[in-house]
Amino acid sequence: MTDLGKVDREFFDRHIYPHLGADRDDVRLGPEHGVDFGVVEVGGEAVVLASDPLSLVPALGFEKAAWFAVHVALSDAAVSGIAPSHLAVTFTLPPEMTDGEFATVWETFDREASELGVSIVTGHTARYGGCRYPWVGGATTLAVGDPADLVRPDGASPGDRLLVTKGPAVEVAGFLVTLFEDAVDLPEATITEAKERFWDMSPVRDALTAAAAGPVTAMHDATEGGLQGALVELARAGGVRLDVDSDAVPILPGVEESCDFFGINPWAATSEGTLVLTVESDGVGDVLAALESEGIPAAEIGAVREGDGVFVDGEQVEHPEVDPSWAVFEEYAEKVGLE
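An account of the accompanying structure is given in this report. Owing to the predicted nature of the structure, the values given are computational and were not obtained by experimental measurement.

## Description of the overall build of the chain
For the chain, the helix and strand inventory stands at 10 helices and 13 strands. Within the span of the chain, comprising 339 residues, buried residues form 50% of the whole. Taking the contacts inside the chain whose residues are at least 6 apart along the sequence as the reference set, 85% of them involve residues at least 24 apart. Surface exposure of the chain reaches about 15100 Å², of which carbon and sulfur atoms provide 48%. Positive and negative side-chain charges in the chain, numbering 19 and 61 respectively, have mean positions lying 3 Å apart.

## Some details on the sheet that holds strand 11 (residues 298-305)
In space, the seven strands of this open sheet follow the order 8-10-7-11-9-12-13, with mixed pairing throughout. The sheet is open, and its two borders are formed by strand 8 (216-221) and strand 13 (315-317), each paired with just one other strand. Averaged over all adjacent pairs, the angle separating strand axes in this sheet is 30 degrees, with direction ignored. Examined bridge by bridge, strand 7 (residues 161-165) and strand 10 (residues 275-279) share four bridges and lie antiparallel to one another. Its bridge partner being in strand 10, Arg161 is matched across the sheet by Val279.

## Notes on empty space enclosed by the protein
Overall, the coordinates contain one cavity of 30 Å³ or more when judged by the stated rule. Around the largest cavity sit Gly34, Val35, Asp36, Phe37, Pro153, Met219, His220, Glu233, Leu234 and Ala237, which together line it. Element by element, the count of residues in the lining of the largest cavity is highest for helix 7 (residues 226-238), at three residues. Class assignment for the residues of the lining of the largest cavity results in six nonpolar, two polar and two charged.

## Some remarks on a nonpolar patch on the surface
A grouping of Val7, Phe11, Ile16, Tyr17 and Leu20 is seen on the molecular surface, where their side chains present a nonpolar patch of about 390 Å² in accessible area. With respect to the helices and strands, the residue Val7 is situated in the segment before helix 1 (9-16).

## Overview of the side chain of Glu112
Inspection of the secondary structure puts Glu112 in helix 3 (residues 99-115). Taking relative accessible area as the criterion, Glu112 reaches 7% and is therefore assigned buried. A distance of 3.0 Å separates a polar atom in the side chain of Glu112 from a polar atom in the side chain of Arg111.

## What to know about the pairing of strand 4 (residues 86-93)
The alternating pattern of strand 4 places Leu87, Val89, Phe91 and Leu93 on a buried face and His86, Ala88, Thr90 and Thr92 on a face that is not buried. Sheet topology note: the strand 4/strand 5 (residues 119-127) ladder contains eight bridges and is parallel. Opposite Leu87, over in strand 5, you have Ile120 as the bridge partner. At this point the chain moves from strand 4, through helix 3, to the parallel strand 5, and the crossover so formed is right-handed.

## Side note on the sheet that holds strand 4
Pairing is mixed in the open sheet, where six strands are placed in the order 1-2-3-6-4-5. At either end of the open sheet lies a strand with only one pairing partner, and these are strand 1 (27-29) and strand 5. Adjacent strand axes in the sheet meet at a mean angle of 20 degrees when their direction is disregarded. Here strand 2 (residues 38-42) runs beside strand 3 (residues 45-55); their pairing, made up of five bridges, is antiparallel.

## So, the pattern of salt bridges
Pairs can form between side chains of opposite charge whenever their charged atoms are close. Evaluated as defined, the whole model comprises 14 salt bridges. Among the ionic pairs, Glu300 bridges to Arg161, the shortest N-O distance being 2.5 Å. Of this pair, Glu300 sits in strand 11 while Arg161 sits in strand 7; the two residues are 139 residues apart in sequence, bridging distant segments of the chain. Of the residues examined, Arg161 reaches a relative accessible area of 26% and is grouped as partly exposed. One network of salt bridges, in which partners are shared, links Glu63, Arg111 and Glu112.

## Let's talk about helix 6 (residues 204-213)
Along helix 6, the residues that are buried comprise Val204, Asp206, Ala207, Thr209 and Ala210. Buried residues in helix 6 make contact with helix 2 (62-78), strand 7, strand 8, strand 10 and helix 9 (284-293).

## Focus on the nonpolar core
Leu56, Phe91 and Phe109 are the most contacted members of the largest nonpolar core, which totals 80 residues. Top element by residues in this core is helix 2. It accounts for 12 residues. Discounting residues that sit within four places of it in the chain, Leu56 has contacts with Ala65, Ala66, Ala69, Phe91, Met97, Val105, Tyr133, Pro134 and Val136. With 23 residues, the next largest nonpolar core counts Ala156, Ala230, Leu234 and Ala299 among its residues.

## Considerations on the pairing of strand 9 (residues 241-244)
Where strand 9 and strand 11 come together, four bridges link them in antiparallel fashion. Pairing of Arg241 across the sheet is with Arg305, part of strand 11. As judged from the four bridges shared by strand 9 and strand 12 (residues 309-312), these two strands associate in the parallel manner. If you follow Val244 over to strand 12, its bridge partner there is Val312.

## A short note on the packing of aromatic side chains
This model, assessed by the stated rule, comprises 19 aromatic pairs. With centroids separated by 6.1 Å and ring planes inclined at 15 degrees, the aromatic side chains of Phe102 and Trp106 adopt a geometry described as stacked. Pair noted here: Phe102 and Trp106 are both in helix 3, with a separation of four residues, about one helical turn. Of the residues examined, Phe102 reaches a relative accessible area of 17% and is grouped as buried. Classification of Trp106 as partly exposed rests on a relative accessible area of 32%. When the ring of Phe180 is compared with that of Tyr332, the centres are 5.9 Å apart and the planes differ by 40 degrees; the resulting orientation is tilted. Pair noted here: Phe180 is in the loop between helix 4 (170-179) and helix 5 (188-196) and Tyr332 is in helix 10 (residues 324-336), with a separation of 152 residues, a long-range link. The class of Tyr332 is buried, set by a relative accessible area of 8%. Here the aromatic residues Trp67, Phe68, Phe175, Phe180, Phe198, Trp199, Phe261, Phe262, Phe329 and Tyr332 are joined through ring pairs into a cluster of three or more. A cation over a ring is seen here: Arg241 above Phe311, with NZ or CZ 3.7 Å from the ring centre. The lysine or arginine in question, Lys335, covers the ring of Tyr332, its NZ or CZ lying 4.3 Å from the ring centre.

Procedures and definitions
- Residues numbered from 1 in each chain as written.
- Predicted model: local features only at pLDDT ≥ 70, side-chain atom pairs only at ≥ 80, totals over all residues.
- Heavy atoms only, no water.
- Helix = DSSP H or I, 4+ residues; strand = E, 2+ residues; numbered from the N terminus.
- Buried < 20%, exposed > 50% of the residue type's maximum accessible area, 1.4 Å probe, protein only.
- Contact = heavy atoms within 4.5 Å.
- Areas by Shrake-Rupley, 256 points an atom, 1.4 Å probe, with all protein chains shown as cover.
- Lys, Arg positive; Asp, Glu negative; His and termini not counted.
- Charge placed at Lys NZ, Arg CZ, Asp CG, Glu CD.
- Pairing = 2+ DSSP bridges.
- Axes fitted to C-alpha atoms, helices over the stretch in contact; angles between N-to-C directions.
- 1 Å grid on protein atoms, 1.4 Å probe; cavity = no way out; pocket = protein on both sides within 12 Å on 5 of 7 lines; lining within 4 Å.
- Points joined across faces, edges and corners; volume = space filled by probe spheres on them.
- Nonpolar A, V, L, I, M, F, W, Y, C, P; charged D, E, K, R; others polar.
- Patch = residues over 30% accessible without salt bridge, like charges linked within 9 Å, V, L, I, M, F, W, Y side chains within 5 Å.
- Salt bridge = Lys/Arg side-chain N within 4 Å of Asp/Glu carboxyl O.
- Polar contact = N/O pair within 3.5 Å; in protein donor to acceptor, adjacent residues only side chain to side chain.
- Right-handed = clockwise from strand over helix to strand, strands pointing away.
- Core = buried A, V, L, I, M, F, W, Y, C linked by side-chain atoms within 4.5 Å.
- Phe/Tyr/Trp six-rings, centres within 6.5 Å; stacked < 30°, edge-to-face > 60°.
- Lys NZ or Arg CZ within 6 Å of the ring centre and 35° of its normal.

If you want it as structure tokens, here you go:
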């Protein structure tokens, strides 16, 4: 069986890069494996573009499902340090989705976009035979701003400090425990803590808060492959070595217990909402203070050095390649009869 999830670097290099259409002078950053966004220069401004599939899981309830979907759509552009400004949305809906259910989804998209200053400018909405949950379309986000405000994914330099928000496996707790609560054999208090992590599953405010506060040099969200994968991708992009102190990495309530229950390595598991960032050493205090003022847990966890690779407590780690969350999702979806 082909592995589920994003294609690996070998697949990307063989089948996608460098087959990228016309070579245009206005492209400032094109596709790279593990990089969240591209950049085009238009009229002296940076236009950041990021595209993602749209996922709706009805078992979450359509409001929660839509909240997660819109924040996933906005997150890859937000890690550019320029605030998302425009959104294009395509819905390819399953025939069984009712008008009322879609209304809940769209009202949530409108509310979250409005709060973040994002205008929805175009899209396509239709029901089609053969479409099924959770994959119900796609979205492209634009962030338009001053090129000087752009935080490039390859911007980490030796001497920078390494920070992380929220820590690993936020999504394992917030998403999987919420979705499969009836099948999770954990104390009620732990389940409550884990379910609270759902609302941590967005790095949008993390990224914009950090970028506004200090000299941030690179940012990357820890989605498939988790914190470990994000660290490896950030190091690759910048051509640098990252040294990480595992004891300094925060772990939010309910996360460790959830990962133990599901048998998941928390560092390798998808963690939408977790942001990895590098900051010039004299700006660390300002960035951490700004994140704290917004109620976003964050910590300094290591350093950027000359070389390459990621070293956790002195030992080199590699990209997980296959995210363990996919297998757990498939297993428990079958157990509870989730379609």
